[in-house]
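# Structural characterization, general
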Amino acid sequence: MLIASKKVETMEHPGVRSGVQTNILKVLAYYDIFQYPLTVAEIGRFLGKQLDEKDFVPALQGLISDRVIFYHQGFYSLQDNTLLTYRRREGNWRAGKLLPKAFKIGRFLFRFPFVRGVCISGSLSKNFADENADIDFFIITRANRLWIARTIMHLFKKLTFLTGHQHYFCMNYYIDEEALLISEQNIYTALEIATLIPVAGKQTNENFLRTNNWVARFFPACHNAYPGPGPAFRTGLKKLLERILSGRFSDRLDVWLMKITTRRWAKKNRQNRRNRNGQTMKLLTGRHFSKSNPGSFQERVLSLYEQKLAELRIER
């Protein structure tokens, strides 16, 4: 996982900025939370508005001239720190080595009952991996079968602890086809959706992206850098298990599994249990979703982003 920086640098910014420069700074401010410099193409991809190159390039050069932003070996940042470029390149190299494994695992996860879509998420979906990188997955299940699917998948994950490969199976966010619309519509969730890497379940993944077209309000120029996956077919075993786990009994079973998991995680929260990164283990649950938010990570990122915009004297 990319680690959010707690430090917010203060600096003076001479002159009056154009709207284009403000948009550039918003992009760099967000990624500066993660100590992650960007290429010119990446800045353009995540701008809050679509721009012509004739407007974009002079605005970028003006910010460099005023020493508001800094350029090192192909990357732009709010910080004049060449170590960030080295860190990014190392993280990109590790991600390149890890992505083929992530695709293979993602296709395997699609074989589980009621799974309809699988995407790579987290840091790896942004082409970055540190020395202790997990492989995070975003899972979409059939309507009203999320908790059956999740339980079976996490029972399998228990087995991976025996071989020390549990960090390759971080299934952190589940939704089902009944609730494709993400209710938290902010820059954090918009960027997480915009950078998902589809692995399996082409039609379902496309339905999810269409349903969440509100992401374009934040990133109108953003298009997924990875092509959609080819068709993925349900295996005979998957079809059989889905047939067995159908009907009203399975409806009740799904609700029961949700309640059991919710109670178990509520107990962990009361005990202040922490993950391997020392963060509180926080699971948010509902009939049609299950998501982890360790250490209130989303809220912390949004708070740091607001701080950085204030330091840059930028209004949202």
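These notes cover the structure that comes with them. (Residues numbered from 1 in each chain as written. Predicted model: local features only at pLDDT ≥ 70, side-chain atom pairs only at ≥ 80, totals over all residues. Heavy atoms only, no water.)

## A look at the side chain of Arg88
Mapped onto the secondary structure, Arg88 falls in helix 4 (residues 82-109). Setting aside its immediate chain neighbours within four residues, Arg88 contacts Tyr36, Pro37, Leu38, Thr39, Glu42, Phe75 and Phe128. (Helix = DSSP H or I, 4+ residues; strand = E, 2+ residues; numbered from the N terminus. Contact = heavy atoms within 4.5 Å.)

## Describing the packing of aromatic side chains
Each aromatic ring pair is specified by the distance between its two centres and by the angle formed by the two planes. On inspection of all chains with the given rule, the structure shows 18 aromatic pairs. Between Phe46 and Phe219, the aromatic rings sit 5.4 Å apart at their centres with planes inclined by 85°, giving edge-to-face as the arrangement. A residue pair is termed long-range when its members are at least 10 positions apart, and Phe46 in the loop between helix 2 (40-45) and helix 3 (53-65) and Phe219 in the loop between helix 7 (202-211) and helix 8 (236-244) qualify at 173 residues. This pair shows no difference in class: Phe46 is buried, exactly as Phe219 is. An aromatic cluster is built from Tyr30, Tyr31, Phe34, Tyr36, Phe46, Phe128, Tyr188, Trp214, Phe218, Phe219, Phe297 and Tyr305, whose rings are joined through pairwise contacts. Here the guanidinium or amino end of Arg145 rests over the ring plane of Phe114, the centre of that ring lying 5.8 Å away. (Phe/Tyr/Trp six-rings, centres within 6.5 Å; stacked < 30°, edge-to-face > 60°. Buried < 20%, exposed > 50% of the residue type's maximum accessible area, 1.4 Å probe, protein only. Lys NZ or Arg CZ within 6 Å of the ring centre and 35° of its normal.)

## A closer look at the pairing of strand 7 (residues 283-286)
Sheet topology note: the strand 7/strand 8 (residues 289-292) ladder contains four bridges and is antiparallel. Residue pairing across strands places Leu283 opposite Ser292, the latter belonging to strand 8. Remark: two residues form the turn of the hairpin made by strand 7 and strand 8, two consecutive strands paired antiparallel. (Pairing = 2+ DSSP bridges.)

## A look at the pattern of salt bridges
Evaluated as defined, the whole model comprises 11 salt bridges. A salt bridge links Arg88 to Glu42, with the shortest nitrogen-to-oxygen separation between them at 2.7 Å. Of this pair, Arg88 sits in helix 4 while Glu42 sits in helix 2; the two residues are 46 residues apart in sequence, bridging distant segments of the chain. By relative accessible area, Arg88 is classed as buried at 4%. Sharing partners across several salt bridges, the network here consists of Glu90, Arg94 and Glu131. (Salt bridge = Lys/Arg side-chain N within 4 Å of Asp/Glu carboxyl O.)

## Focus: the sheet that holds strand 5 (residues 170-176)
Spatial ordering of the open sheet is given by 6-3-4-5-8-7, a layout of six strands whose pairing is mixed. Taken across any chain shown, the strands that pair with only one partner, and hence form the sheet edges, are strand 6 (197-200) and strand 7. Geometrically, the sheet is characterised by an average inter-axis angle of 25° between neighbouring strands, direction not taken into account. Relative to strand 8, strand 5 runs antiparallel, the two being bridged by three bridges. The residue of strand 8 that forms the bridge with Ile175 is Phe289. Docked against the sheet, helix 5 (residues 146-160) engages strand 3 (115-121), strand 4 (136-141), strand 5, strand 7 and strand 8, running at close to 170° with respect to strand 5. Along the sheet face, helix 7 touches strand 3, strand 4, strand 5 and strand 6 and points at about 65° away from the line of strand 3. (Axes fitted to C-alpha atoms, helices over the stretch in contact; angles between N-to-C directions.)

Purely spatial values, then, with no claim about function.
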